[in-house]
Amino acid sequence: MEEATDRIARPWGGRTPYGRHETWPARVDTFLAEGVAPDAVERWVQSASILHSDGDAMDIAVADGRMVGVRGRDVDRVNRGRLGPKDLFGWQANASRERLTRPLVRRGGRLVETDWDTAMDLVAARSRELLEERGPGSIGFYTSGQLFLEEYYTLAVLARAGIGTPHLDGNTRLCTSTAAEALKETFGCDGQPGSYDDFDHADVIALFGHNIAETQPVQWMRLLDRLEGADPPRLLCVDPRPTQVARHAAVHLAPRGGTNVALLNALLHETIRHDRVDRDFIAAHTVGFEELAERVADCTPRWAADICDVPAARIEEAAELVGTADALVSTVLQGVYQSHQATAAAVQVNNLHLIRGMLGRPGAGLLQMNGQPTAQNTRECGADGDLPGFRNWQNDSHVADLAKVWNVEPERIPHYAPPTHAMQMYRYAEQGSIRMLWISGTNPAVSLPELSRVRSILTQDRLFTVVQDLFLTETAQLADVVLPAATWGEKTGVLTNADRTVHLSRKAVEPPGEARPDLDIFLDYARRMDFRDKDGGPLVTWHDPESAFRAWQRCSAGRPCDYTGLSYAKLHDTSGIQWPCTADAPEGTPRLYTDGTAWAHPDLCESYGKDLETGASQEVVEYRSLNPDGKAMLKAAAYLPPHEEPDEEYPFQLTTGRTIYHFHTRTKTGRAPQLGDAAPDVWVEVSAVDAERLGLAEGDLVEVAGRRGALRGRLRVTGIRPGLLFVPFHYGYWDTGNGSGPGPGTPGRAANETTITDWDPASKQPLFKTATAALTLVERGDGSPSPAPTTTASAPADGVAARPTAGGEAARPTAGGEAARTTQSPARFPHDPEEGVR
């Protein structure tokens, strides 16, 4: 039996309760365009979501050569058939009439259509010219968290061993570089220790700066189902906003922005003071406990309360919750990662698990989460600023091993200094040393901080910019060459989610016009550049996704992220397997570090670590002296205040973030009618206390001004902590008729008009959570509420009228103008008054 339900107004659907240690029941969510009956679907094609990092497995419905819907895969371990709003509706953007279908080149100041040979010859010619005149350091590549593994790996090979440039990074720098760095600092290697399955076994789940209800909505469904089952977990939520997680939490802490290290040091202090530690585990598997204990000895809850502006008693409650848990799962995301002490704070969460011995068993898991769907692939393939296969750029034997895989001399692979991170790449472009920048699958003219500066960089005459994307984004409008790319559902490849689950996504339909898969574009470039190995043969020897995957398997062999036990056929049959997958672990590996941390050994580790305050790389001699046996490292950190504090001129802290209905800069989700209508425009959240003090009301048009720029949006009055403003970062200018952005000195729409060009010293992740701002009234509202959703963390404060988040079968036309239908089975929807608007 199936029952229709509105998954805009009810984004997490109905409940299927289950108890601790039980298997999460399956529930198949389906969306078909109106007029398409299930028996009209000609075939279902295997895939997984690329609109968040959850890795929700789904099948694509195809009829008459076009996508007509999706359904969840109930056999998959990640989602058990469930799909979130972006999964259900986002695919419709593929059929948008605004898709790029032919290459564009800039002629006379305008982008005009051309053929592929002309466009690629221009890119190759400029590359050869720069290599001859200025060397490999004049070329940089900035990629995405939305491509496939095979594409990242190919890009890494042609950039590192073909061009020979150190300038290769992904927009994962904005969302997940701290996750990678924190794991390297503690375990000597990237790779998620825990598993989503740990949610089934935990008795306490702590979410640090992680609004899982909106960033990984299917896993929030999992937690909701457990909360309604036998022996439910208790939740700790650390978030300044009244998220759905906060509303279900046993303890909710809403600290001031930039104070996470102080809060976490207090939790560590209390855990050690009450001797809630596993001393046998510490002795057997860690180094550094004495220094950590000494560092946090004075970090009492009362001390932290003054810094964080939360009651000391609540910090004590939180410490008791995590300190007495039988099985603790912790998750971490952007509320920690996008701050000035990002890595230091994330490492303290690792420390909490290590001193409690909460690692490597069901329900005792650590999830340093990702923000983007294929961020893990960016990292493991070396397209994020590291070497492929989690190799250490400071270890000559690792470089030599990679050179052997690629059949090049080690000197061919840049490793004389740390690989260049994205923020530094844009600085080099600003200064003129980088003269060509190839941007694939991302939109930095909206997503990077301080957008006026980004626009000025990308519009320099001396910078040759190539943009590879689906639409004429704000960034593409500034490019010299625009290459139309195929996307999910139009190409085949592998993608890996945040808990190391590898999925296969099959091509379901043809891309529009002349659009090509990113892999084909990179292979074409490699051929035109005639990249060669040391024996004179082609550097890139593969020709399609499956042969590229086999090449990656050879590169991953024997490394922590070993894929040698996988194949396209196996992934098709099993629907999701966690790496490492080898002959010894043919069904994958649910959890890492079940019996120690072998990859932290000085000869094997991916990194020798960094100073958490300065970001300076440590040397092997220092690492070997501190950790000769390769144990997990307990690294202490002192609290440091944010780089930018509120003052009389800019009295508010400003934070940015997501909504459940959109992804990245809305280039896809904004073109899906249900999602676009659910959150159609930018808004500004302020606390009820601050709104009353300033005489502001719901729906007023306000200006948020910082030291770098300003934006305008309608006001939403919420339960956010006083002194803090929140603006969603999804909104740019492609749908406003305003090109790539506002003119100098003109308030814009994008949140990043106001954010600061600054980054965490260790992970180099930008600081989107700790800017400062002033809030002023532009004009009174007309009684209409702001466009913010009402179902999520943006729900209005009690007593504030707001536009309901609309939805429903007839109210939401599909891309073809037809009404949408969403179904889920079994038809079981117990009433939950806290779950959202019904």
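As shown above, the structure is provided for reference.
Residues numbered from 1 in each chain as written. Predicted model: local features only at pLDDT ≥ 70, side-chain atom pairs only at ≥ 80, totals over all residues. Heavy atoms only, no water.

**Student:** Lay out the packing of helix 8 (residues 260-273) against helix 12 (residues 312-323) with the relevant residues and their values.
**Tutor:** As a packed pair, helix 8 and helix 12 sit with axes 9 Å apart at the nearest point and diverge in direction by 60 degrees. Considering the angle they form, helix 8 stands oblique to helix 12. For helix 8 against helix 12, the interelement crossing comes out right-handed. Where helix 8 approaches helix 12, its residues L263, A266, L267 and E270 are matched on the opposing element by I315, E316, A318 and A319. (Axes fitted to C-alpha atoms, helices over the stretch in contact; angles between N-to-C directions. Helix = DSSP H or I, 4+ residues; strand = E, 2+ residues; numbered from the N terminus. Parallel < 35°, antiparallel > 145°, perpendicular 65-115°, else oblique. Left-handed = near helix turned anticlockwise from the far one by under 90°. Contact = heavy atoms within 4.5 Å.)

**Student:** Help me get a handle on helix 19 (residues 451-458), residues and values and all.
**Tutor:** Burial runs high along helix 19: six of the eight residues are buried. Listing the buried residues of helix 19 in full gives L451, R453, V454, R455, I457 and L458. On its buried face, helix 19 is in contact with helix 17 (422-431), strand 16 (436-440), helix 18 (444-447) and strand 17 (464-469). (Buried < 20%, exposed > 50% of the residue type's maximum accessible area, 1.4 Å probe, protein only.)

**Student:** Which residues make up the pairing of strand 8 (residues 139-143), and what values go with them?
**Tutor:** In terms of burial, strand 8 is a largely internal element, five of the five residues being buried. The sheet contact formed by strand 8 and strand 16 spans four bridges and is parallel. The residue of strand 16 that forms the bridge with Y142 is I439. Bridge count between strand 8 and strand 9 (residues 168-170): three bridges; the pairing is parallel. By the bridge assignment for strand 9, F141 is matched with L168. Regarding the hand of the β-α-β motif, the stretch spanning strand 8, helix 3 (residues 149-163) and strand 9 is right-handed. (Pairing = 2+ DSSP bridges. Right-handed = clockwise from strand over helix to strand, strands pointing away.)

**Student:** A description of empty space enclosed by the protein should follow, citing residues and the corresponding values.
**Tutor:** Taken as a whole, this structure holds six cavities of 30 Å³ or more when the rule is applied. If you trace the largest cavity, you find 38 residues lining it, with Q334, G335, Q338, T656 and K769 closest to the centre. Sorting the residues of the lining of the largest cavity by element identifies helix 5 (212-215), helix 13 (334-337), strand 23 (652-657) and strand 27 (724-728) as the ones contributing at least two each. At four residues, the largest contribution of residues to the lining of the largest cavity is made by strand 23. (1 Å grid on protein atoms, 1.4 Å probe; cavity = no way out; pocket = protein on both sides within 12 Å on 5 of 7 lines; lining within 4 Å. Points joined across faces, edges and corners; volume = space filled by probe spheres on them.)

**Student:** Give a detailed account of the sheet that holds strand 21 (residues 577-578), specifying residues and quantitative values.
**Tutor:** Spatially, 19-20-21 is the arrangement adopted by the three strands of the open sheet, whose pairing is antiparallel. Of all the strands in the sheet, just strand 19 (493-496) and strand 21 have a single pairing partner and so form its edges. Summarising the sheet, strand 20 (residues 501-505) and strand 21 pair through two bridges and their orientation is antiparallel. Along strand 21, the bridge assignment pairs T501 with Q578.

**Student:** I'd like to hear about the pairing of strand 27, residue by residue, with values.
**Tutor:** Counting buried positions along strand 27 yields five of five residues, so the element is predominantly enclosed. A two-sided burial pattern is seen for strand 27, the buried positions comprising L724, F726 and P728 on one face and L725 and V727 on the other. One ladder, built from five bridges, connects strand 23 with strand 27; its direction is parallel. Paired with T656 across the bridge in strand 27 is V727.

**Student:** Break down the sheet that holds strand 7 (residues 110-113) for me, citing the residues and quoting the values.
**Tutor:** The seven strands are arranged 7-6-18-17-16-8-9 in an open sheet whose pairing can be described as mixed. Single-partner strands in this sheet number two, and they are strand 7 and strand 9. Averaged over neighbouring strand pairs, the angle between their axes works out to 20 degrees when direction is ignored. Pairing of strand 6 (residues 104-107) with strand 18 (residues 481-484), which is carried by two bridges, proceeds in the antiparallel orientation. Bridge pairing in strand 18 places L104 opposite V482. Sitting on the sheet, helix 2 (residues 116-133) touches strand 6, strand 8, strand 16, strand 17 and strand 18, and the angle it makes with strand 18 is about 130 degrees.

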